[in-house]
Amino acid sequence: MASRTTMEPRELQIPVQKDPDILAAAARLAGEDLCSIADLSSAEVRAILKLGHDVKRNPRDYRHALDAKQMVLMFEKASLRTRLSFETGINTLGGNAIFLDQTNSPLGERESIADVARNVERWVDVIVLRTYAHDTITEMAANSRVPVINALSDFEHPCQALADFMTLEEHFGSLNGINFTYVGDGNNVCHSLMLTGAQLGANVTIATPRGYSPDIEIVTLARDIAQANGCELRLLQDPAAAAEGADAIYTDVCVSMGMEHESTKRAPIFRPFQVNETLMQKAQPNAVFMHCLPARRNAEVTDAVLDGPQSIVFDQAENRMHAQKALLLLLLGGLANVEKFQ
Ligand code: CP
Ligand code: NVA
């Protein structure tokens, strides 16, 4: 397998205002929710990434696209990247963010989720949720007249995956046929990566310990998408085999938020799945290392890999903001206020 990696991020020059994917996505996605990556077609994922690259390169063009739009972030779990990238993102589009800390007051406890939705939609233009139960997000979406965005549930992390594949595009250009490997727990981040990779034509390989495989419904869906896009989805339990010839190796914590009570049990199970220099050597010589962060240093990944020359973890973190700005522009109809789209 030939290496496709160049370590220098590319400048992507795409005339966004004429791009048919972006124009179609702007028409279809206005007012919609993003609960799952599966809410988007392959063309819509491509559109978000293309717009994300342009927003990153030309932020001033979008400075007033969402003037006075109000965003509420309701988070049941801790966050650094997601909260700040949404807040800075909406602020730099002319809007405003209001953060509600739900860590001590889970959604649905004080009043029903439907009643929360019916109140909140009267004041804000978009609801961004970080929850334990995925159903909390779908229930809010079902009852809200303004878009609801999943900012991580126990089942998916779609905004993370959009930023991650945007970052990969900066390194590889087209992702068609790229070999993307995920090693670790088959849960939220893994699910969104599988779906997004398949939508973009990447060959996705997942290596999880037995008992920690991704959800079968997501696997089936991702396989169908992969087949339609001429790429492959493989599920393995051997991290070394999964790393062989990979262009990108990605991992996540083995103890997700809410699973802390399983830390002692999980540590020995996930130890063989650590991404270290030995595992990276099985990948292409210029393969990139990826992590959604926060990382548990020297647990799922060693310092040498996380801080090493192949690591692009902080590019991923930066791109959270650009990809989410693109998403917000599409869900909130913001391109109507951008001069080059007139
Ligand atoms: N990757 C990610 O979602 O980071 P936070 O938990 O800090 O938001
Ligand atoms: N899987 C991790 C991702 C954190 C961004 C968790 O759910 O805690």
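Residues numbered from 1 in each chain as written. Chains lettered and ligands numbered in written order. Predicted model: local features only at pLDDT ≥ 70, side-chain atom pairs only at ≥ 80, totals over all residues. Heavy atoms only, no water.

Chemist: In this structure, what is going on with the site of ligand 1? I would like to understand it.
Modeler: The immediate surroundings of ligand 1 are formed by S79, L80, R81, T82, R130, H157, Q160, C292, L293 and R320. The side chain of Q160 places a nitrogen or oxygen atom 2.9 Å from a nitrogen atom of ligand 1. A distance of 3.2 Å separates an oxygen atom of ligand 1 from a polar atom in the side chain of R320. For ligand 1, the protein covers 96% of the area, taking 250 Å² as the surface of the free molecule. Class assignment of the residues belonging to the shell around ligand 1 gives a composition of three nonpolar, four polar and three charged. (Near = heavy atom within 4 Å. Polar contact = N/O pair within 3.5 Å; in protein donor to acceptor, adjacent residues only side chain to side chain. Areas by Shrake-Rupley, 256 points an atom, 1.4 Å probe, with all protein chains shown as cover. Nonpolar A, V, L, I, M, F, W, Y, C, P; charged D, E, K, R; others polar.)

Chemist: What is the right way to read the side chain of D19 from this model?
Modeler: Topologically, D19 is positioned in the segment before α1 (20-29). Accessibility expressed as a relative area gives 8% for D19, which makes it buried. A distance of 2.9 Å separates a polar side-chain atom of D19 from the backbone nitrogen of D21. (Helix = DSSP H or I, 4+ residues; strand = E, 2+ residues; numbered from the N terminus. Buried < 20%, exposed > 50% of the residue type's maximum accessible area, 1.4 Å probe, protein only.)

Chemist: So what exactly am I meant to see when it comes to the packing of helix α6 (residues 158-172) against helix α13 (residues 313-331) here?
Modeler: Packed helices, taken two at a time, are described by the angle their axes make and the gap between the axes. Two elements in contact, α6 and α13, have axes whose closest approach is 8 Å; the angle formed by their N-to-C orientations is 110°. Taken together, the axis directions place α6 and α13 in an arrangement best described as roughly perpendicular. At the point where α6 passes α13, the crossing takes the right-handed sense. For the pair formed by α6 and α13, the contact residues are C159, Q160, L162, A163, D164, M166, T167, E170 and H171 on the first element and D315, Q316, N319, R320, H322, A323, Q324 and L327 on the second. Its residues assigned to classes, the contact of α6 with α13 shows six nonpolar, seven polar and four charged. (Axes fitted to C-alpha atoms, helices over the stretch in contact; angles between N-to-C directions. Parallel < 35°, antiparallel > 145°, perpendicular 65-115°, else oblique. Left-handed = near helix turned anticlockwise from the far one by under 90°. Contact = heavy atoms within 4.5 Å.)

Chemist: What is the right way to look at helix α3 (residues 81-91) in this model?
Modeler: Since the α-helix packs 3.6 residues into each turn, any two residues three or four apart lie on the same face. Three or more residues of α3 are buried, namely R81, T82, S85, F86, E87, G89 and I90. Against β1 (70-75), β2 (96-101), β3 (126-130), β4 (148-150), α6 and α13 lie the buried residues of α3.

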